[in-house]
Amino acid sequence: MPQPILCQTPTKGLLNLTYARQIRFRTLNIHQMSWQFACFITWNNGDKQTFVGKDAQAIAQTIRKIT
């Protein structure tokens, strides 16, 4: 059984990144003048989820800790 990789996000709660198939980070241009840090996760079951702002930063910080 794989070791859980837990990430507490400010607005989305606790995530177990062990079940992520793919994690991508990108800066998005929102409303032509605002840039927002974003994280796109594809889970093992095929579901996709997008996290922005502080949630994306929390995920990035967790990934940096484990790599």
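A. Main features of the side chain of Thr18. By the element assignment, Thr18 lies in the loop between β2 (13–16) and β3 (20–30). Overall, Thr18 belongs to the buried group, its relative accessible area being 18%. Polar side-chain contacts of Thr18 include one of 2.9 Å to the backbone nitrogen of Ile5. Beyond its immediate stretch of four places on either side in the chain, Thr18 contacts Pro2, Gln3, Pro4, Ile5 and Asn44.

B. Structural view of the side chain of Asp55. Examined against the element boundaries, Asp55 turns out to sit in helix α1 (residues 54–66). Despite its burial, Asp55 pairs with no opposite charge; the closest candidate is Lys12, at 5.5 Å N-O. When sequence neighbours within four positions are dropped, the list of residues in contact with Asp55 reads Thr9, Pro10, Thr11 and Lys12.

C. Main features of the pairing of β2. Pairing of strand β1 (residues 6–9) with β2 involves four bridges; the strand directions are antiparallel. Note on β2: the bridge partner recorded for Thr9 is Gly13. The hairpin formed by β1 and β2 contains three residues between the paired strands.

D. Summary view of the pairing of β3. As paired elements, β3 and strand β4 (residues 34–43) share 10 bridges and run antiparallel to each other. In the sheet register, Gln22 faces β4, and the bridge partner there is Thr42. Taking the residues between adjacent antiparallel strands as the criterion, β3 and β4 are bridged by three residues, where His31 takes a positive phi near 60 degrees.

About the thresholds
Throughout, a residue's number is its position along its own chain's written sequence, starting from 1. Selection of residues for local features in this predicted model requires a pLDDT of at least 70, selection of side-chain atom pairs for listing and counting requires 80 or more, and totals for whole chains, interfaces and linings are taken over all residues. Excluding hydrogens and water, the side-chain figures rest on all heavy atoms present in the structure. Runs of E in the DSSP output that reach at least two residues are strands. Runs of H or I that reach at least four are helices, and both are numbered from the N terminus. A simple rule labels every residue: compare its accessible area, found with a 1.4 Å probe on the protein chains alone, to the largest value its type can have, and call it buried under 20%, exposed over 50%, or partly exposed in between. Here a polar contact is taken to be a pair of N or O atoms separated by no more than 3.5 Å, where protein atoms must pair a possible hydrogen donor with a possible acceptor and residues adjacent in sequence count only if both atoms sit in side chains. Throughout, a residue-residue contact means that at least one pair of heavy atoms, one from each residue, lies within 4.5 Å. In this tally, Lys and Arg are treated as positive and Asp and Glu as negative; His is ignored, and so are the chain termini. Salt bridge, as used here: a side-chain nitrogen of Lys or Arg that lies within 4 Å of a carboxyl oxygen of Asp or Glu. Here the rule is simple: two strands pair whenever DSSP picks up at least two bridges between them.

Scope: geometric values only; no functional claims are made or implied.
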